[in-house]
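# Working through the structure, step by step
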Amino acid sequence: MSAPVLDVRSLSVEFESTLGTIHAVRDLSFSIGEGETLALVGESGSGKSTAAMALLRLIPNPPGRISSGAVLLAGRDLTALSEADLRGVRGREMAMIFQDPMMALNPVYTIERQIGEVLRLHLGLSKSEILAEVVELLRLVGVPAPEERARQYPHNLSGGMRQRVMIAMALACRPRLLIADEPTTALDVTVQAQVLDLIHGLKEKFGMAVLLITHDLGIVAETANRVVVMYAGRKVEEGTVGEIFADPRHPYTRGLLGAAKWEEADGDLLREIPGTVPSPFEMPSGCSFAPRCAEAIPLCRSAMPELKDVAPGRPVRCFLAEGRGHG
Amino acid sequence: MADGASRVASAGGAPILEVRELVKHYPIRGGLFSPSQMVHALDGVSLSVARGETLAVVGESGCGKSTLARCIIRLEQPTSGHILLKGADITVLAGRPLRELRRALQIVFQDPYASLNPRWSIASLIGDPMRLHGLAARGERRGRVASLLETVGLGPEFMDRYPHELSGGQRQRVAIARALAMQPEVIVCDEPVSALDVSIQAQVINLLKRLQRQFGIAYIFISHDLSLVKHISDRVAVMYLGQIVELAETRAARRRVLHPYSQALFSAAPVADPQAAAARKRIILAGDVPSPIEPPSGCRFHTRCPYRQDRCAREAPQLRAVEDRLVRCHFAGEPGFPPEVPA
Amino acid sequence: MRSTGILSLAMAALLAGVTAGNALAQPKKGGTLTYTYHPEPTALSTIATTAVPVALISTKIYESLLEYEGAGLTPKPGLAESWTVSPDSLTYTFKLRAGVKWHDGKPFTSEDVKFSIEQIALNYHSRGRTYFGNVAAIETPDAQTVVLRLKAPIPYLLRAFQPSETPMMPKHAFSEQEIAEKKVRQARIMQEPVGTGPFKLKEWRKGSHIILERNADYWKPGKPYLDQVVLRVMPDGAARAIAVEKGEVDLAPTSALPPAEMQRLSKLPHLVASEEGSEGLGPIMWLEVNLRDKPLSDVKVRQAISMAIDRDKLVDVIWYGNGKPARGPIVSGNPNHFDASLPKFEYNPQKAAQMLDEAGYPRGAGGVRFKLTQNFLPYGEEWVRQAEYIRQELGKIGIQVETQSLDMGGWLKRIYTDWDYHFTSNFTHNYSDPTIGVQRAFISSNIRKGASFSNSMDYRNPRLDELLLKAAGMQDGPERKKVWNEVQAILRNDLPVIFLIEIGYTHIWNKRVQGLITNGISMYTNWDSVWIQ
Amino acid sequence: MKKATFQFVLRRLLQVVPVVLAIAAFNFLLLRMAPGDAADILAGQMGHATVEFTEQLRREFGLDRPLYQQFFIYMGKLLTLDLGMSHLQQTPVVDLIVDRLPATLILMVSAILLAVIVGICIGIAAARRQGRLADNLISVAALLVYATPAFWLGLMLIVLFSIKLDILPSGGMMQIGAGHEGLAHVLDVTWHLILPATTLGLFYVAIYTRLMRASMLEVYGLDFIVTARAKGLSEGVIAWTHAMRNALLPVVTLAGVQIGHLLGGSVLVETVFGWPGLGRLVFDALLQRDLNLLLGILFISSVVVVIANLVVDLVYGLLDPRIVHR
Amino acid sequence: MRRLATFWLRYRRNRGAVAGALALAVILALALLGPILYPTDPFDMVGRPFSLPFDRFPLGTDVAGRDILAGILNGGRVSLLIGVLASLSATIIGVALGAVAGYYGGRIDDLLMRTTEFFLCIPSFVLAVVLVAIFQPSVVTVTVAIAVVSWPSVARLARGEFIAHRDREYVQGCRAIGMPDWEIILLQIMPNALPPIIVVSSLMVATAILTESGLSFLGLGDPNLVSWGYMIGVARTVLRTAWWMAAIPGVMILLTVLAINLVGEGLNDALNPRLRKR
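A quick note: this is a predicted structure, and the numbers were derived from the prediction, not measured.

Parameters and conventions
- Residues numbered from 1 in each chain as written.
- Chains lettered and ligands numbered in written order.
- Predicted model: local features only at pLDDT ≥ 70, side-chain atom pairs only at ≥ 80, totals over all residues.
- Heavy atoms only, no water.
- Contact = heavy atoms within 4.5 Å.
- Buried area = accessible area lost by both parts, 1.4 Å probe.
- Salt bridge = Lys/Arg side-chain N within 4 Å of Asp/Glu carboxyl O.
- Polar contact = N/O pair within 3.5 Å; in protein donor to acceptor, adjacent residues only side chain to side chain.
- Helix = DSSP H or I, 4+ residues; strand = E, 2+ residues; numbered from the N terminus.
- Nonpolar A, V, L, I, M, F, W, Y, C, P; charged D, E, K, R; others polar.
- Buried < 20%, exposed > 50% of the residue type's maximum accessible area, 1.4 Å probe, protein only.
- Pairing = 2+ DSSP bridges.
- Axes fitted to C-alpha atoms, helices over the stretch in contact; angles between N-to-C directions.
- Patch = residues over 30% accessible without salt bridge, like charges linked within 9 Å, V, L, I, M, F, W, Y side chains within 5 Å.
- Areas by Shrake-Rupley, 256 points an atom, 1.4 Å probe, with all protein chains shown as cover.
- Parallel < 35°, antiparallel > 145°, perpendicular 65-115°, else oblique.
- Left-handed = near helix turned anticlockwise from the far one by under 90°.

### Brief notes about the interface of chain B and chain A
Taken together, the 40 residues of chain B in the interface contact 42 residues of chain A. Buried area between chain B and chain A, summed over both chains or domains, comes out near 3500 Å², and the portion from carbon and sulfur atoms is 55%. In terms of surface lost to chain A, no three residues of chain B exceed B:Val198, B:His231 and B:Ala272, which account for 17% of the buried area on that side. There are zero salt bridges connecting chain B and chain A. Connecting chain B to chain A are eight residue pairs in polar contact (both at pLDDT 80 or more). Secondary structure elements with two or more residues in the side of chain B that touches chain A: α7 (198-215), α8 (226-232), α10 (260-268) and α11 (274-279) of chain B. For the side of chain B that touches chain A, the element with the most residues is α7(B), which contributes 11 residues. A breakdown of the residues in the side of chain B that touches chain A according to their chemical character gives 17 nonpolar, 10 polar and 13 charged.

Listed below in structure tokens is the structure:
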């Protein structure tokens, strides 16, 4: 594998609040290569979306800040860039699409203007070039009648079309990395399939790296190459899709998979993870998953396990992970 | 009519709740110069559910499944059609009889953050139904609330808390306890877990299943999550643009579906298994769901159907028995239809 | 000074004082005189209304037969060159000036005079009947001669020809129909005035200003001196004061400024303040008392109330020294009719309380003898202050007063139509003769519902009625004065109203304005001799 | 689109007719409850007037008829847009209003423009510096201005700028008698407009500053701002295009509601500055019981409010493409 | 109790609001206790007019030689009374009508909307002036007039809130358990709809005080009572001679209105559920 497109090293993000500091992301490292899709999986509050926002330095400051770590995009550390230089990266080398395409598009501007903005800013295209390029981009993402759609406003479009527009906007400068934050959660199943298909096809076509953020293991199974599982701000397990689904090593991953595979529990009760995600203000001592973990040993409640490779490229944050293969 | 199909159509045994040809149209107010329009939310939906049974209603947003739920528990007045509870027509009830009816028919909403009034304590939220229906004297009420909380897996210590102090899963348990307080025979579950975290969903689904076994409650389970539906339901109704397009036993539907829309829907649902995902072929439908204001002529699915014929645009298919189920398609039941692998 | 009736010396002295250091200044032609008053006039002729703002401006446009000198308003020639009065005082012959032209160029004739009296003054002017009710006939033997034949003597007839009271209107400007249907008020001339005066209308921007410009064809050669007279409408008193102070406005006539501001402005070096020049109006203020019910029907109670009010303090504090305590119904500035021997009203709250005890109104719970409702004339701040002061003072002698605020419409209705009040402040003008300004308020025949500024008190005194009617038919002189003296004595004793103060009309002007004060109605003269330095 | 807008305007106007007529009827009946009438006042103004004289006036004004007759006569005339004659001035009410309306409109429009433009700019500036010193200062200043009675402020401004500094006129709408024409006239009026428009506008500047700030902060919390940032747009561009246009919507809505308030506020400001507008006329007409004039002004002002609201709606439609005028 | 405590926790975060509450408390205390502690009658001519503050009288005397401090203390009572009563009545009327219209919609709603449109079309201050002038100025008419011109905005707000809430799931849930409408309106929606209404009506107190002062400025105040607006009205004509005379009550109004606004903002922060989620 050549040098990764994105290399995140020990990234930590904090938020100040009146009740204390929230460590939303702690010591997160991962990398994505060209043409690869990495899925960042976790429940709400796991820090996956915060991590994605931190990559583009879009964490509102105050109250949030990147407290440590580095984000290397093609070898360049984004955390060290000036705000102006950073703007040259955003939208050009690294683009992002969001969960709710209705909210993510400005309701008062036309599609053409919103996509065109990127083209003018980063590529310096002229007015007529912009229109042609916008139409081309819309065609690329499968928007029917692109000339007409370009002149319309977001509210004229359906949810799926809007997400296609978002993708077109993200792809306008052929970025090296596309961050897709829950890109299909707000869409219907049949449309979700269309959009995932589209992202996959475009990734192949342009050789982008894709960071897919999702809570849906079904989507992970269908689209990702590698998976990073997060819990309470930390990475708890990483591996290829095959490894994670076939051989989950962390009890949380196992719990998630169990809860997701409805069909395997035909007629019976599902395997459930008891309890709830801990509040960021009341993090348990020791392993943050310990209170919900059926297999926890006393050590789990007193010390936080480190990530340990159980196999090459297979780090797991669990005292019991080793020696437990294929359980 | 095939034997299996008749069983599917009218639920096993005597239905506790029956819906006949339910229609709901919403007017959209027109202007002075523009005619008013109608949203066809429901167009002739019929189904039934038996004691202790779970009937799932699936479909994408805008298919009318939530309207169906609200019509059934009489939060909205259907335009036409009938709703029968234990054989009695409850479509036109009002006032006291309607309130009596409420006891038997309850609902659990999708969003546990929105479905509990943040101003009241858990005890009064769960105690309200008892108070309103005189189910427990004032003195007994707290005891009853405590035991209901126990039933849904929460301790009595929750009684004096407020909804905002609870997690999503806990709130949904409270919502279920509130419905249970009426000792209902049918609960309409409107996407009860879709707002919850994955790890919590299983808890709530398990709770619902346990309660069903314990009290013999019938569920009408509205959802867009096909894998969940396949897991929990006994029968499944697939809706598209205000109509049921396929109604089958879940067991049978898991094997195969006959309507092209059901087929696309089921194939589009992601499966949490990379190998299976890689192996299977997905049908990716073109376009979006058409507007329910002006539904397509003929078969409502024809604009997106990969197998459409000229006839589909002209002639509206009826819901008819095909093999062991009901299907609304001209060609269902023909040999090799729908094809296993799309063209 | 004013009581001498000899004007010229007094006037010269006054002018000298005003133009100190510049005593020999010659009148200069040109310039604009800007004055401010509020409210804005509703018309440009006093036949529609005689309200102060209207009279202030219309008198520059319209003239009457005579002009006047001095505080006592000694008649002198105006549009009438000369006049004669028959020995029996029943025939007045006026010789009109030749060559006088209306603003539209048509000649002014005796027909216009006859028309102005018969059709306009008698029909439309609110005092027309008082002035000319006893006129039997008006003859116009030729274009320059007018003869008035009377049924009975009119003692004040020669003072009736003031421009605000009997303005000469051009007959030709009215259509037959307007006259016949009594639609004079809607006539075009009401908005586009045509007079004989030294100024004519140039521009009227409603709500903002009125500009009068010099009448080039004015009949007095070389006059007027001013090019323009401008009225600036400024609704806020403080803003008016500021404009005067800044010199944006040259003149604030007839107490156009808040009294407190007048006191301050009068001390500024570039401004002059004077109460002179309004003697012909004779403003007087009193508490009008409803005599229909107890306890106010009891004269002792009224006398006690009168004694409880410190008029000096009232003048001093509420009116900022603007005016003087009243001594009776006739203002002390009226040289012809005022009884100068009258003492000031006594202020003695202890005695007042004692009188109430004697009258049978002992103090009750909380020291309250009885309760009264007070109204006040809605003319502005000071009237409210005064009401507040009176409430406090009467409270001290055990009369609990509640003040009720009404606007002009409500006040007029309540006082003069409903007679539904206990007491209220009121303010009237004596005008040039008590028969015009005093008689109306006290004569019992004027107890009529709906008649404003009439005898609302229900005061009936046959002796007084007799005296008033007698005075109305006499020529001015010592005999008539004796009658008025008795009237004043009766009213001072009966107190059908509680005379408070003679409010001075204070005019404030910039020192560059010259020749403003000329007689007892200085602001209602045509200002043809006013000039700007 | 054009046609739709036209239809929208037409429909709105038609809808408003009954409201405006109802207002006229309400006003008529309300004002007739006031004791005294124009004849009383006029007679009173003349000093002593006889009963006959007052009755004659009343006949002339048509005030002697039964109330219901007066009402139907008035409403009937109103339908033909005839506002009748002013009792006191004996001039058609329409003429009087036409004389005064422009002044009020100039004052109101400049005040609201001032308020909207300045308020929006300051509001945006504050929102971009949320929590910092500049934001706090702006917020405090806005609150202070918001709490200041307008008439009091007007007087203080006169004291400062007109008396102490002597750089602005203390009142009036133009230099009287100067006879300026064309541009000179416009400049003259502008010169006189500064203080009254500021007095009337400052309060609304405070309102719009606060509202715009809050609205901007709300918009800043929306996802499309994150999208804009992710595209690489600068904060300035985001604030003045993406955020502002959306944040304007509630501000514009408020502007519509405020028109009526503004008219009310102009009563006080016109009083203080001697501005020859409708605001003061309404008060004088009320005190003089000039019924027709008063009704006419109230009628016109409700029409002004209605039209202003319509304009606001149209502006809203321009700002927000989601609004479909149906 | 606990909810009160959490409310206070949230409220306390806004320092301006705390300052405003303190200031308001002081003003209220002065208005309530002041006339008892400083019993001079505000209408008594106790000295020469225009005496300077801190000379013989703490705040000097007014145009008629009356003690300004006595006026400030007594006037606060009237201003606040009018402000609070007018806002309270406007709120009660507005909420009642808005709630019914918003909850039921349909004809009732149409009627209310037409009515509020009606009021929006009449400049509110002008209407207040007309009402007070016609029915004679007194505390009651001023209060009623202010309430009459204020309720429509509350009604609109309440209606909006009720429309926003009536189809929420918790309301539907209440209907589903057979709760009668009045109980849903009063006990379920009302507590949730009230916070923005409380905020608006607290701000309305400030507006009402300003309106009262505007009316007094035009000479339409109760002549028997001293209010701050009345005091400005008294002093406005002598602004040049004695600016402090208008400034003192002006500053009192400003402070009170400011304090109320700060409290209103604090309430907004503490009660607004939208902000709370963040």
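### With respect to the pattern of salt bridges
If you walk through the whole model with that rule in mind, you get 75 salt bridges over all chains. A salt bridge links C:Arg463 to C:Glu486, with the shortest nitrogen-to-oxygen separation between them at 2.6 Å. In this pair, C:Arg463 is assigned in helix α15 (residues 462-472) and C:Glu486 in helix α16 (residues 478-494), connecting sequence segments 23 residues apart. By relative accessible area, C:Arg463 is classed as partly exposed at 34%. A salt bridge links E:Asp167 to E:Arg166, with the shortest nitrogen-to-oxygen separation between them at 3.8 Å. Judged by relative accessible area, E:Asp167 falls into the partly exposed class, the value being 47%. Salt bridges here are not isolated pairs; linked through shared partners, they connect A:Glu36, A:Arg226, A:Lys235 and A:Glu238.

### As for the sheet that holds strand β2 (residues 37-50) of chain B
Residues and elements named next belong to chain B. Here we have four strands laid out as an open sheet, ordered β2-β1-β4-β5, and antiparallel in their pairing. The sheet terminates laterally at β2 and β5 (88-89), the two strands that pair on one side only. Of the pairings in the sheet, the one linking strand β4 (residues 80-85) to β5 comprises two bridges and is antiparallel in character. Bridge pairing in β5 places Leu-85 opposite Ala-88. The strands touched by helix α2 (residues 65-72) are β1 (15-28), β2 and β4; relative to β1, the strand with the most contacts, the crossing angle is about 115 degrees.

### Some words on a nonpolar patch on the surface
On the surface, a cluster of nonpolar side chains totalling about 450 Å² of accessible area is made up of D:Leu105, D:Val109, D:Leu113, D:Ile117, D:Val118 and D:Ile122. Within the fold, D:Leu105 resides in helix α5 (residues 93-128).

### Remarks on helix α9 (residues 311-318) of chain C
Residues and elements named next belong to chain C. Buried within α9 we find Arg-311, Leu-314, Val-315, Val-317 and Ile-318. The inward-facing, buried residues of α9 abut α8 (299-308), β14 (324-325), α11 (381-396) and β18 (497-502). One side-chain oxygen of the residue at the start of α9 lies 3.1 Å from the amide nitrogen of Asp-312, identifying that residue as Asp-310. Once α9 finishes, Tyr-320 follows within two positions and takes phi at roughly 55 degrees, a positive value.

### With respect to the interface of chain D and chain C
Taken residue by residue, the interface counts 52 residues in chain D and 52 residues in chain C. Between chain D and chain C lies a buried interface of about 4200 Å² when both sides are counted; carbon and sulfur atoms form 55% of it. Taken together, chain D and chain C are joined by two salt bridges. Among the salt bridges present, the one from D:Arg100 reaches C:Glu40, with a minimum N-O distance of 2.8 Å. The tally of links between chain D and chain C comes to three residue pairs in polar contact (both at pLDDT 80 or more). For the side of chain D that touches chain C, the secondary structure elements donating two or more residues are α2 (38-45), α3 (51-61), α5, α7 (150-164), α10 (235-273) and α11 (278-287) of chain D. Class assignment of the residues belonging to the side of chain D that touches chain C gives a composition of 23 nonpolar, 19 polar and 10 charged.

### Points about the pairing of strand β6 (residues 135-142) of chain C
All names here are of chain C. As judged from the five bridges shared by β6 and strand β7 (residues 145-150), these two strands associate in the antiparallel manner. Each bridged residue has a counterpart across the sheet, and for Val-135 the counterpart in β7 is Leu-150. Hairpin connection, β6 to β7: the antiparallel pair is bridged by two residues.

### Thoughts on the sheet that holds strand β10 (residues 243-249) of chain B
Residues and elements named next belong to chain B. Ordered by their spatial adjacency, eight strands build an open sheet running β6-β7-β8-β3-β9-β10-β12-β11, and the pairing between neighbours is mixed. Only two strands of the sheet have a single partner each, and these edge strands are β6 (105-108) and β11 (320-322). Neighbour to neighbour, the strand axes of the sheet diverge by 25 degrees on average, direction disregarded. Judged from the four bridges that link them, β6 and strand β7 (residues 186-190) form a sheet pairing that is parallel. Each residue of the ladder has a partner; that of Val-108, found in β7, is Cys-189. Across the face of the sheet, α7 comes into contact with β3 (54-58), β7 and β8 (218-223) while running at roughly 155 degrees to β8.

### Notes on the packing of helix α7 (residues 169-176) of chain E against helix α8 (residues 181-217) of chain E
All names here are of chain E. Between α7 and α8, whose axes approach to 11 Å, the crossing angle comes to 165 degrees. Classed by the angle they form, the pair α7 and α8 counts as roughly antiparallel. Of the two possible hands of crossing, α7 and α8 adopt the one that is right-handed. Facing Tyr-170, Val-171, Cys-174 and Arg-175 of α7, the residues of α8 in contact are Ile-184, Gln-188, Ile-189 and Asn-192. By residue class, the composition of the contact of α7 with α8 is five nonpolar, two polar and one charged.

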